[in-house]
Amino acid sequence: MSNNESAAVVGEIVASDQAVISEQYSPLEKHIYPFWIKMAGLISGLLFLFLVPRFLLIDLPIRYEVYQKIVKADAFFLNKDYSSAVLLYEEIFIQYPNFNTIKLVKSCFALSVQYSDFYKIGLHYLVGRKCTDSEVEEMQFFLPEEYKKDFKSQFKKVQ
Amino acid sequence: MFVVIPGELIALLTFPGVVLHEISHRFFCDIQNIDVYAINYFQPFSKKAGHVIYRPTNNFFHSFFIAIGPLIINSLVCILLTFPAGCNAYLDTDFVDYSSSFVSLAYLIMQWIGYSIGFHAMPSNKDMSGLKTMVHSWWARTILGNFTGIIGLFNITLIGPLLRILFAYGLSMVLPRLFLG
């Protein structure tokens, strides 16, 4: 094996010399595998048969419904229909608290131009969340100028 | 800064893939009626994680399918086992978590087996090396050379593991793209 190969990452096949082989080995029976491989195959098969139908029948419809809601909310967001976007994002957040609220916050901040309460609602959705610098910048982009100073100070608190 | 993870450790963490890799070689030997003399499905902490010793054949297609057996079988198994994980990644709905801890653990185990198998889908350079001497026309050599070269990228120490991870991830996206895309 040459130096630039990743050693031991994969196994190898060796087509050895016929004469040498026939002296040392007798051929293995075809399609006969060790017991532990059969058991591992059986367990993997059972795991697959239990989980994939469960995923298709229970998990996937729920996830797909959530996905469609996000797509719809994103479309509202892109069309600057922030109030509709907030409603949908909120619905998802209430159902699944681990939902990334950044877009919800951005929509709230965009609405705070007309309704000042939405600034505080937006901040509320940031409590306990860790945001990257780029996310903070994105949120600030939607924030009216008068809140930016407060946001910077508040943001440190909510972190 | 790069951190090179030893191949032995990678093989240990992804051993289901190594085992299926060797089974795939053996399976193609068996169905093509080529004698297999010895097989090591997995050897932990070894430079050679596994190997298959089989009767040499002059038939190019036999050798070719034995060599690329893992690419076919590991890829198919990876596609199936990573289907739920692939859907979650494709739909970006990882935050939707309501399953019991037992079911979540079962998903996690299946995901680990699936990605491990996908990681080891690529034949090694050694697997492909014998094929070059079996083709004589320039165009066949060119095609095989390019194919072997692409596979060789997956066996380079620094970028190989990363490419393998991307390949396994790509495989996990096949069914979600077909059914949800």
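Quick caveat: nothing in here was measured; it's all calculated off a predicted structure.

Rules used in this analysis
Residues numbered from 1 in each chain as written. Chains lettered and ligands numbered in written order. Predicted model: local features only at pLDDT ≥ 70, side-chain atom pairs only at ≥ 80, totals over all residues. Helix = DSSP H or I, 4+ residues; strand = E, 2+ residues; numbered from the N terminus. Buried ≥ 20, exposed ≤ 12 C-beta atoms within 10 Å, placed from the backbone. Contact = placed C-beta atoms within 7 Å. Core = buried A, V, L, I, M, F, W, Y, C linked by C-beta atoms within 7 Å. Nonpolar A, V, L, I, M, F, W, Y, C, P; charged D, E, K, R; others polar. pLDDT = per-residue confidence, 0-100. Expected span 1.5 Å × (residues − 1). Axes fitted to C-alpha atoms, helices over the stretch in contact; angles between N-to-C directions. Parallel < 35°, antiparallel > 145°, perpendicular 65-115°, else oblique. Left-handed = near helix turned anticlockwise from the far one by under 90°.

Student: Describe the overall build of chain A, with residues and values.
Tutor: Across its full length, chain A holds seven helices and one strand. When the elements of chain A are put in sequence order from the N terminus, they spell out β-α-α-α-α-α-α-α. Within chain A, the proportion of its 159 residues that are buried is 28%. Nonlocal contacts in chain A, meaning residues at least 24 apart in sequence, comprise 40% of its contacts between residues at least 6 apart.

Student: Outline the overall build of chain B, supporting the account with residue identities and numerical values.
Tutor: The secondary structure content of chain B amounts to 10 helices and two strands. Ordered by position from the N terminus, the helices and strands of chain B form the series α-α-β-β-α-α-α-α-α-α-α-α. In chain B, of all internal contacts separated by at least 6 residues, the share reaching a separation of at least 24 is 76%.

Student: Summarise the nonpolar core; cite the residues concerned and give the values.
Tutor: Counting residues in each nonpolar core, the largest one holds 43 residues, and the members touching the most others are Cys29, Val36, Tyr54, Ile66, Cys78, Leu81 and Ile117 of chain B. The contact partners of valine 36 of chain B, leaving out residues within four places of it in the chain, are Pro27 and Leu28 of chain A together with Arg26, Cys29, Val52 and Tyr54 of chain B. By size, the runner-up hydrophobic cluster in this structure holds 26 residues, among which are Ala73, Val105, Met139 and Phe151 of chain A.

Student: Requested: an account of the interface of chain B and chain A, with residues and values cited.
Tutor: The interface is formed by 57 residues belonging to chain B together with 39 residues belonging to chain A. Examining the composition of the side of chain B that touches chain A, we find that six residues originate from one element, helix 2 (residues 15–31) of chain B, more than from any other. Taken together, the residues of the side of chain B that touches chain A break down into 32 nonpolar, 15 polar and 10 charged.

Student: Go over the confidence of the model for chain A with me, naming the residues and quoting the values.
Tutor: All names here are of chain A. Of the residues in chain A, 82% have a pLDDT of 70 or more, and the chain-wide mean is 82. Mean pLDDT per element in chain A: helix 1 (residues 18–24) is the minimum at 63, and helix 2 (residues 35–78) is the maximum at 94. Below pLDDT 50 for its whole length, residues 1–9 participates in 26 contacts with residues either more than four positions away or in separate chains.

Student: Lay out the confidence of the model for chain B in plain terms, naming residues and giving numbers.
Tutor: All names here are of chain B. Mean pLDDT for chain B: 92, with 98% of residues reaching 70 or above. Least confident of the elements in chain B is helix 7 (residues 125–129), whose mean pLDDT is 90; most confident is helix 4 (residues 69–81), at 97. As scored by the predictor, the complex reaches a pTM of 0.84 and an ipTM of 0.86.

Student: Please provide a residue-by-residue account of unusual backbone geometry, values included.
Tutor: Unlike most non-glycine residues, lysine 80 of chain A shows phi in positive territory, near 60°. One non-glycine residue, asparagine 33 of chain B, adopts positive backbone phi at about 60°. Owing to 10 C-beta atoms within 10 Å, asparagine 33 of chain B belongs among the exposed residues under this scheme.

Student: Provide a residue-level description of helix 6 (residues 101–119) of chain B, including the pertinent values.
Tutor: Helix length check: helix 6 of chain B, at 19 residues, gives a terminal C-alpha distance of 26 Å against a target of 27 Å (1.5 Å per residue), a fit within 8%. For helix 6 of chain B, the complete set of buried residues consists of Met110, Ile113, Gly114, Tyr115, Ser116, Ile117, Gly118 and Phe119 of chain B. Residues of helix 6 of chain B that are buried sit in contact with helix 2 of chain A together with helix 2, helix 4, helix 5 (83–91) and helix 9 (160–172) of chain B.

Student: A description of the packing of helix 2 of chain B against helix 4 of chain B should follow, citing residues and the corresponding values.
Tutor: All names here are of chain B. Relative to each other, helix 2 and helix 4 sit at 125°, their axes nearing to 8 Å. The orientation of helix 2 with respect to helix 4, classified from their angle, is oblique. Considering how the two elements wind past one another, helix 2 and helix 4 form a crossing that is right-handed. Here Gly17, Leu20, His21, Ser24, His25, Phe27 and Phe28 of helix 2 come into contact with helix 4, specifically with Gly69, Pro70, Ile73, Asn74 and Val77. Tallied by class, residues from the contact of helix 2 with helix 4 come to six nonpolar, six polar and no charged.

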